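# Close look at the chain arrangement
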Amino acid sequence: MRKILLAMDALNFRVNALDFAAYIAKLTKSEVSGIFLKSAIPETVNIEGTAIDAFPDDTQEMVQKNIQKYKESCTRRELNTSVYLDEGVPAEEILRESR
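Position numbers for residues count from 1 along each chain, tracking the sequence in the order it is written. Only residues with pLDDT of at least 70 get local features here, since the model is predicted, and only at 80 or more are side-chain atom pairs given and counted; chain-wide, interface and lining totals rely on the full set of residues. Processing note: side-chain calculations cover all non-hydrogen atoms of the structure and skip hydrogens and water entirely.

### A closer look at the environment of A7
Working definition: helices are DSSP H or I runs of at least four residues, strands are E runs of at least two. Numbering for both runs from the N terminus. With respect to the element layout, A7 can be found in strand β1 (residues 3-9). On the basis of relative accessible area, A7 is assigned to the partly exposed category, the value being 41%. Spatially, the C-alpha atoms of A7 and G34 are 6.1 Å apart, while their sequence positions differ by 27 residues. Using a 1.4 Å probe on the protein chains alone, a residue whose accessible area is under 20% of its type maximum counts as buried, one over 50% counts as exposed, and one in between counts as partly exposed.

### Details of the packing of aromatic side chains
Two aromatic rings, drawn from Phe, Tyr or Trp (for Trp, its six-membered ring), form a pair once their centres lie within 6.5 Å of each other, and the interplanar angle then sorts them: stacked below 30 degrees, edge-to-face above 60, tilted otherwise. Counted under the stated rule, the structure contains 3 aromatic pairs. On the numbers, 5.4 Å between centres and 85 degrees between planes, the contact of F36 with Y70 is edge-to-face. Taken together, the residues span a long stretch of sequence, with F36 in strand β2 (residues 31-39) and Y70 in helix α2 (residues 59-76) at a distance of 34 residues. On the basis of relative accessibility, which here comes to 0%, the residue Y70 falls in the buried class. The structure contains a cluster of three or more aromatic residues connected by ring pairs, namely F13, F36 and Y70.

Okay, here's the thing in structure tokens:
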């Protein structure tokens, strides 16, 4: 079976990307593997003139909501799918999933 890798920002899920992947998957009878990439690099925030690296408190909650939206969207489209949440260097993670 063929696999379509759909790499997405875990904090910013876009249904348009899934629409295109679903279209291709239906044509080729492929599975869509949703790879949610979460940056291991914290955001820099400025507190009282001091730059501090921090991850937003709601990051994990947002990631889980986006994964749930993805799963529900795939179910509605009757797609075979799998979900991966990767942190770290995106290019390396995508290459690993492609094998």
